[in-house]
Amino acid sequence: MVPPPTKTPDTASAPSVPHAPHAPPPAAHSPADQQGAALATVQALEHTLARFYRLVMVVVVLGVLGLIIGTGGPVLMVVCASALVAVVLHGAARWITHLLRLPEWLSVMLLVLALAAAATALVRVFGPELTVQAGHLRTALVSQISTLHDRLNSGQFGHLILDHVPQSLGGNQTGGGSRAPGLDFAGSMTNVLTSTFGSVGTMVVIVIAGIYFALSPRLYANGILRLTPERHRPLVRSLLQTIAHTLSAWVAGQMLDMTVVGVLTWLGLWAIGMPLALPLGLIAGTANFIPYLGAFVGAIPALLIGLSVSTQEALMVLGLYGVIQAFEGYVMSPFIQKRAVSMPPALTILSQTIFGAFLGMWGFIFASPITAVLLAVATRLSAPLKEKDML
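All figures in this text were calculated on a predicted structure; none of them were measured in a lab.

Rules and cut-offs
Residues numbered from 1 in each chain as written. Predicted model: local features only at pLDDT ≥ 70, side-chain atom pairs only at ≥ 80, totals over all residues. Heavy atoms only, no water. Helix = DSSP H or I, 4+ residues; strand = E, 2+ residues; numbered from the N terminus. Expected span 1.5 Å × (residues − 1). Bend = angle between axes of the 7 residues up to and from the residue. Buried < 20%, exposed > 50% of the residue type's maximum accessible area, 1.4 Å probe, protein only. Phe/Tyr/Trp six-rings, centres within 6.5 Å; stacked < 30°, edge-to-face > 60°. UniProt positions renumbered as here; feature names shortened; annotations may be inferred. Patch = residues over 30% accessible without salt bridge, like charges linked within 9 Å, V, L, I, M, F, W, Y side chains within 5 Å. Areas by Shrake-Rupley, 256 points an atom, 1.4 Å probe, with all protein chains shown as cover. Salt bridge = Lys/Arg side-chain N within 4 Å of Asp/Glu carboxyl O. Core = buried A, V, L, I, M, F, W, Y, C linked by side-chain atoms within 4.5 Å.

Draft legend 1. Looking closely at helix 11 (residues 345-365). For helix 11, built from 21 residues, the straight-helix expectation of 30 Å at 1.5 Å per residue is missed by more than 12%, its first-to-last C-alpha distance being only 16 Å. Of all the bends in helix 11, the largest measures some 155° and sits at Leu359. Of all the positions in helix 11, only Thr348, Ser351, Gln352, Phe355, Leu359, Trp362, Gly363 and Phe364 are classed as buried.

So this is what it looks like as structure tokens:
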């Protein structure tokens, strides 16, 4: 029996299987998305321009400061000196105000009158003796320099040295060459106060400006705040308070250090029989205003006067100053810095070298307080270093 033929499925007649629907084409960005992307692009551009603007402003400010320091450095140093005088007067006047219940301005005036009376008394008492001793010192120095010149000139090596030393310094070198006419222009511009008024006039300007600053310090601080944009006033106010506190602490520490060094020098010179012990003690204490290097400057007058008396006296003076400076450097100075403004010794000496190179003697004298202020401001503006980031 023949089986029935099998039917092959007809693809045409078979029911069509529905195909999977195709993914719709990506829809076009909506106007809201396009507007958001454009806004993000504009904000990124504004942020980049703002950073570029800040960078340009920093460069401009640094350039202006460099120009001011380069052309008017002595003027800035006079302002710095006046500020230090004001800090001293204002700090002492606050103590007088607290003690005697007087107005602050009256305390400042009483303090100025007391200091002027003390300076006048010192000049009247020690002025004649100082003049006589200065004459003796000049005679002794001329004789010693002449003897040293003859000794060096008698030897071949010493004669070679003197041939390279100008005659103005006791050497044999003749002729200084003509100076270019423009060499003195920068010096005359940067030393305008010294060339116009002289050192005495500059000191008078410093003292008078310091007195006015001490009489009304808030007036000048508020003037700076008024010139500051309102959004930056809290930061500037905080920085001004930091600067005032740093200067007060530094001046208090230095005044204590200068007083101790001056008193010890006076008593030591009096004990070994040196003439002018009190004025030399005042010079040593005042020179100690300059950390480290001021000790050598303060010792020079005493050594010269000691040489005019005898070599043994000069050696005793040298030993005395060495003992006092060792006590000041290893005992007293660390004790004071721990409670005032602590600066690394290397940074102090480097700051004196840098400021002295750019600003001359003024920068050399006021390098330490300026560096203390810069360190305090940098500490205030920067975030504290975490322990994991330390070396």
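Moving on from the coordinates now.
Draft legend 2. Geometry of the packing of aromatic side chains. A complete count under the given rule lists three aromatic pairs for this structure. Plain terms: the ring middles of Trp250 and Phe289 are 5.2 Å apart, the flat faces sit at 85° to each other, and that makes the pair edge-to-face. Of this pair, Trp250 sits in helix 7 (residues 233-271) while Phe289 is found in the loop between helix 8 (277-287) and helix 9 (293-309), placing the two residues 39 residues apart along the sequence. Assessed through its relative accessible area of 18%, Phe289 is described here as buried. Following the ring pairs from residue to residue traces out a cluster consisting of Trp250, Phe289 and Phe366.

Draft legend 3. Quick look at the UniProt feature "transmembrane region" (unreviewed entry) in the protein. Within this numbering scheme, the UniProt entry marks residues 52-69, 75-93, 105-127, 192-215, 259-282, 289-309, 315-333 and 354-378 as carrying the feature "transmembrane region" (unreviewed entry). Annotation note: span residues 289-309, helix share 81%, strand share 0%, distance between end C-alpha atoms 28 Å.

Draft legend 4. Inspection of a nonpolar patch on the surface at higher detail. Together, Val200, Val204, Ile208, Tyr212, Leu219 and Tyr220 make up a nonpolar patch on the protein surface, roughly 610 Å² of accessible area in all. When residues in the nonpolar patch are grouped by element, the largest group, four residues, is from helix 5 (residues 192-215). Structurally, Ile208 is set in helix 5.

Draft legend 5. Region of interest: helix 9. Here helix 9 spans 26 Å end to end across 17 residues, near enough to the 24 Å set by a 1.5 Å rise per residue. Where helix 9 bends most, at Ile300, the angle is about 30°, and the proline Pro301 comes one to four residues later. Taken together, the buried positions of helix 9 are occupied by Gly294, Ala295, Gly298, Ala299, Ala302, Ile305 and Gly306.

Draft legend 6. Representation of the pattern of salt bridges in the model. A complete count under the given rule lists one salt bridge for this structure. Notably, a salt bridge pairs Arg218 with Glu104, separated by 4.0 Å at the nearest N-O pair. Pair noted here: Arg218 is in helix 6 (residues 217-227) and Glu104 is in helix 2 (residues 104-154), with a separation of 114 residues, a long-range link.

Draft legend 7. Structural context of the nonpolar core. Among the nonpolar cores identified, the biggest contains 25 residues, and Met77, Leu84, Trp250, Phe289, Trp362, Phe366 and Ile370 are the most heavily contacted of them. Mapped by element, the contributors of at least two residues to this core are helix 1 (31-100), helix 7, helix 11 and helix 12 (367-381). Val261, Leu280, Ala284 and Val317 belong to the second largest nonpolar core, which has 16 residues in total.

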